[in-house]
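A look at the structure
Each chain, written out:
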Amino acid sequence: MSVSPGGRRVPLGVGAAAGALAWLLGYLLTYVATSGRIREFQGSFLGRVADLFGLEVPTWKIVGWVFYNAHFVDTAAGSGTGSAVGGDGFTALLYALPPVVLLAAGLAVGRAAGSGDAATDALAGASVLIGYLPLSILGVLLFETTIAGTTVAPALVPGVLLAGVLYPAVFGAVGAGLAALTADGGGSTAPQL
């Protein structure tokens, strides 16, 4: 499926699939990078004490919090918020993960659109949010847990707006624009002399 605003072809199906794949790949890479360290903590004395009081949080949920933290979305716990990325937490290199996978998704959409015009392909690349946004909303809900009566989850509004809309729209568009600029002809629409 594609739409043609102003005669421009925007492959929405490709954008949706690329966005969903980018989200899943980003989560998977975050899992690979962080789950071992999360399990180490859960195997520690503090982890055993948490188990004793029934406070065990599945690793996949904690990885979800870190994945949203990599989008600059804090984890909300009651009235407080925090991030496990940077500082004493996980490596700040995780901040590069969402942009990289979304740039790649946008690049793929730009290649599929294949107009060779940077503006047209950037519009097509922004369509990755069609696949990224629903998974971002679902993730905020799935990664929620209650610990000792306190709900802990990625912050809802930033989780939807920042991780679900802004990141995929911007980085998808940039990736697709790069696809046009690196295509044969360099994306130039200037007449040849």
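Residues numbered from 1 in each chain as written. Predicted model: local features only at pLDDT ≥ 70, side-chain atom pairs only at ≥ 80, totals over all residues. Heavy atoms only, no water.

Some points on unusual backbone geometry
Trans is the prevailing form of peptide bonds, just as negative phi is the prevailing case for residues other than glycine. What counts, and what does not: Secondary structure counts use DSSP, requiring at least four H or I residues in a row for a helix and at least two E residues in a row for a strand, with both numbered from the N terminus.
Here the phi dihedral of Phe72 falls at roughly 65°; this positive angle occurs in a residue that is not glycine. Here Phe72 lies in the loop between helix 3 (59-69) and strand 3 (75-77).

Overview of the side chain of Ser35
Formally: Polar contact is the term for a pair of N or O atoms within 3.5 Å; when the atoms are in protein, one must be able to donate a hydrogen and the other to accept it, and sequence-neighboring residues count only if both atoms are side-chain atoms. We call two residues in contact when some of their heavy atoms are within 4.5 Å.
Relative to the elements of secondary structure, Ser35 occurs in helix 1 (residues 12-43). A polar atom in the side chain of Ser35 sits 2.8 Å from the backbone oxygen of Tyr31. Look past the residues within four positions of Ser35 in its chain and what remains in contact with it is Thr30, Thr59 and Val63.

Details of the packing of aromatic side chains
The criterion, for reference: Classification of ring pairs rests on two measures: the distance between centres of Phe, Tyr or Trp rings, Trp counted by its six-membered ring, which must be within 6.5 Å, and the angle between planes, read as stacked under 30 degrees, edge-to-face over 60 and tilted in between. Throughout, exposure labels follow a simple rule: accessible area from a 1.4 Å probe, protein chains only, divided by the maximum for the residue type, with under 20% read as buried, over 50% as exposed, and the rest as partly exposed. A ring is considered to have a charge above it if a Lys NZ or an Arg CZ atom is located within 6 Å of its centre and within 35 degrees of its normal.
Summed over the entire model, instances satisfying the criterion amount to eleven aromatic pairs. Taken together, a centroid distance of 6.4 Å and an interplanar angle of 45° make the contact between Tyr27 and Tyr31 tilted. Separated by four residues within a single helix, Tyr27 and Tyr31 lie in helix 1, roughly one turn from each other. Residue Tyr27 is classed as buried on the basis of its relative accessible area, which comes to 16%. Owing to a relative accessible area of 26%, Tyr31 belongs among the partly exposed residues under this scheme. In this structure, Arg37 packs its charged tip against the face of Phe90, placed 4.9 Å from the ring centre.

Focus: helix 6 (residues 129-142)
Two residues of an α-helix separated by three or four positions point the same way, owing to the 3.6 residues in each turn. As a reminder of what qualifies: In a helix, the anticipated span is given by 1.5 Å times the number of residues less one. Directions from the helix axis toward the C-beta atoms define the arc.
Here helix 6 is 14 residues long and its end C-alpha atoms lie 19 Å apart, about the 20 Å a rise of 1.5 Å per residue gives. Restricting attention to buried positions, one finds in helix 6 the residues Gly131, Tyr132, Ser136, Gly139 and Val140. One face of helix 6 carries all of its buried residues, which in axial projection span an arc of 155°.

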